[in-house]
Amino acid sequence: MAEGGKPMRLWGGRFEGGPADALTRLSVSVQFDWRLAPYDLLASRAHARVLQRAGLLSEAELDRMIGALDDLEAACKSGSFRPTVADEDVHTALERGLLERLGSLGGKLRAGRSRNDQVATDLRLYLRDHIRHIVSRLVELETALMSQAEEHAATAAPGMTHLQHAQPVSFGHQLLAHVHPIARDVDRLRDWDRRAAVSPLGAGALAGSSLPLDPQAVAEELGFDSAAPNSMDAVADRDFAAEFLFCAALIGVHLSRLGEEIVLWASQEFHWIEMDDAYSTGSSIMPQKKNPDVAELARGKAGRLIGDLVSMLTTLKGLPLTYNRDLQEDKEPVFDAVDTLLLVLPAVSGLVSTMRVNTQRLASSAPDGFALATDLAELLVRKGVPFRDAHEAVGHLVVWCQVNDTTFEALTEEDLAKISPHFVAATGEGAAGEGALDVLNVQGALASRKAYGGTAPDRVRDQIIALREVVDGQAAWASGS
Ligand code: ARG
């Protein structure tokens, strides 16, 4: 920020002395709200046109006004116009820029609007724009997870509950289980956008304007679906910020859960994946270390995203209508959440798309921990044994294996017959001809889970086809088509 000149304020007519330094320091927000400048300029152009249509600016004045706003925008972009510490906020800084270019004509733009409806409009415009960047980054992560899932649709892996081996699953199925939450996140952001597409401009400070402005025309020009139907709600409402922050916090939670899994998968104990060097870090003291910092930071950032949401809700709670200066606190959590997501998502996508999956290790550990026990119990059910008894019989088999220090896979027909005659293949019709040794194989167990939503490799491939259609639609939305 440039050195300050004479303090620039949009108020002061009724004040005899200047503000105390302590107040100025407390009040100033331009150091963080400057990023709203492009949106403030957009809204200013729309407002200038409405003033002209209302007969409050001549055609020639409008031309000069638009020319000066364009010039100011170029100067902001090139950095030749910068806010100074003497500008209270982005609106103040830009009005100074306009006055520098237009003299007293610049002062006409403020008619019929207030910083209260301006700032609410700017923040909505900023977020509606950035949501699309965030969705693009989410689509990249979905795509990275889906390519790995496609490659590993038939890779057996230990499926866990309580972090204990439960039943074998397709590793692709597990990766897709991280895509669905992200797809819902994108859906939520699109739904958010529908509600956020309401323009506060025209509400003025709180009561609307006595000037013949046209809030609906301004709304349309700025890409909103409609103008706010209540000027008091228009300037007081920050639901759109809170709701966005909830979406961001939940994305953070989803990235954190994925991050935690990757941390486990990359550990010596699991050894399911090998991270690419480009997406792992070393230790300053232990030369052998390869650390999953990307996944850990993804997990860690969830904390600040949740904090941003809590901060916003706490600011809003108990505020009387309408605008209160507390609302200036809405911006930093929103900007922080946007920045955090745009920082974390590309790193997580890179980590996922470059990780190498240790298919051998996954396949060999898939049956560990007697993970095919349910398949055995279901075999008995197919033979007419009540599930309760089947569960008990398989439980005995597990204990027998533990006592004899062996695994299901090493069992012989004689061993099985000792526990229950049902485990042994009997001659006869259908399932009666199946024996335990027929179901004790992981690929068979996966393939048998072929009902909709199951982990059979064919179902996983169907899931990918369906998800691709969803994700293509999301990518098109993000790019504005
Ligand atoms: N910087 C203020 C904010 O972010 C702009 C609105 C100030 N309005 C006012 N009446 N003081 O909320």
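Before going into details, it helps to say that this report is about the structure given with it. Bear in mind that the values here come from a model prediction, so they are computed numbers and not experimental data.

1. Some details on the overall build of the chain
Counting its regular elements, the chain contains 19 helices and 6 strands. In terms of overall dimensions, the chain is more spread out than a globule: its C-alpha atoms have a radius of gyration of 31 Å, far above the 23 Å expected for 481 residues. With the C-alpha coordinates aligned to their principal axes, the bounding extent of the chain is approximately 100 × 55 × 40 Å. Split into buried and exposed, the 481 residues of the chain put 48% on the buried side. Nonlocal contacts in the chain, meaning residues at least 24 apart in sequence, comprise 78% of its contacts between residues at least 6 apart. As displayed, the chain offers around 22,600 Å² of accessible surface, 53% of which is attributable to carbon and sulfur atoms. Across the chain, the mean location of the 47 positive side-chain charges is 5 Å away from that of the 67 negative side-chain charges.

2. Points about the site of the ligand
The ligand sits among Ser29, Asp89, Arg115, Asn116, Val119, Tyr323, Gln328 and Lys331. Within the contact set of the ligand, a nitrogen atom lies 2.8 Å away from a side-chain nitrogen or oxygen of Gln328. Between the ligand and the protein, one listed contact pairs an oxygen atom with a side-chain N or O atom of Lys331 at 2.6 Å. Relative to its unbound accessible surface of 340 Å², the ligand loses 86% to contact with the protein. The greatest single-element share of the shell around the ligand, amounting to 3 residues, is contributed by helix 6 (residues 115-151).

3. A word on the layout of surface pockets
Unoccupied space between atoms shows up once a probe the size of one water molecule is rolled over them. Counted as a void, the largest pocket has a volume near 440 Å³. For the largest pocket, the lining is made up of 18 residues, of which Gln174, Ala177, His178, Arg257 and Glu261 are closest to its centre. Of all elements in the fold, only strand 1 (156-161), helix 7 (171-196) and helix 10 (239-265) reach the threshold of two or more residues within the lining of the largest pocket. At 7 residues, the largest contribution of residues to the lining of the largest pocket is made by helix 10. Its residues assigned to classes, the lining of the largest pocket comprises 11 nonpolar, 4 polar and 3 charged.

4. Considering the packing of aromatic side chains
For any pair of aromatic rings, the description rests on two quantities: the centre-to-centre distance and the angle between the ring planes. With the rule as written, the count across this model stands at 9 aromatic pairs. Seen in terms of ring centroids, Trp265 and Trp272 are 6.1 Å apart; in terms of plane orientation they differ by 20 degrees. Their pairing is stacked. No difference in accessibility class separates Trp265 from Trp272, as the two residues are buried. Among the aromatic side chains, those forming a connected cluster through ring pairs are Phe171, Trp265, Phe270 and Trp272. Here the guanidinium or amino end of Arg132 rests over the ring plane of Trp477, the centre of that ring lying 4.2 Å away.

5. Overview of the pattern of salt bridges
Throughout the structure, instances matching the rule amount to 32 salt bridges. A salt bridge links Glu274 to Lys290; the shortest N-O distance between them is 3.5 Å. Here Glu274, found in strand 5 (residues 273-274), pairs with Lys290, found in the loop between strand 5 and helix 11 (293-316); they are 16 residues apart in sequence, far enough to count as distant. Residue classification places Lys290 among the partly exposed residues on the basis of a relative accessible area of 31%. Each of the salt bridges in this network shares a partner with another, and the network as a whole consists of Glu88, Asp89, Arg115 and Arg325.

Reading the values: the criteria
- Residues numbered from 1 in each chain as written.
- Predicted model: local features only at pLDDT ≥ 70, side-chain atom pairs only at ≥ 80, totals over all residues.
- Heavy atoms only, no water.
- Helix = DSSP H or I, 4+ residues; strand = E, 2+ residues; numbered from the N terminus.
- Rg over C-alpha atoms; globule rule 2.2 N^0.38 Å.
- Buried < 20%, exposed > 50% of the residue type's maximum accessible area, 1.4 Å probe, protein only.
- Contact = heavy atoms within 4.5 Å.
- Areas by Shrake-Rupley, 256 points an atom, 1.4 Å probe, with all protein chains shown as cover.
- Lys, Arg positive; Asp, Glu negative; His and termini not counted.
- Charge placed at Lys NZ, Arg CZ, Asp CG, Glu CD.
- Near = heavy atom within 4 Å.
- Polar contact = N/O pair within 3.5 Å; in protein donor to acceptor, adjacent residues only side chain to side chain.
- 1 Å grid on protein atoms, 1.4 Å probe; cavity = no way out; pocket = protein on both sides within 12 Å on 5 of 7 lines; lining within 4 Å.
- Points joined across faces, edges and corners; volume = space filled by probe spheres on them.
- Nonpolar A, V, L, I, M, F, W, Y, C, P; charged D, E, K, R; others polar.
- Phe/Tyr/Trp six-rings, centres within 6.5 Å; stacked < 30°, edge-to-face > 60°.
- Lys NZ or Arg CZ within 6 Å of the ring centre and 35° of its normal.
- Salt bridge = Lys/Arg side-chain N within 4 Å of Asp/Glu carboxyl O.

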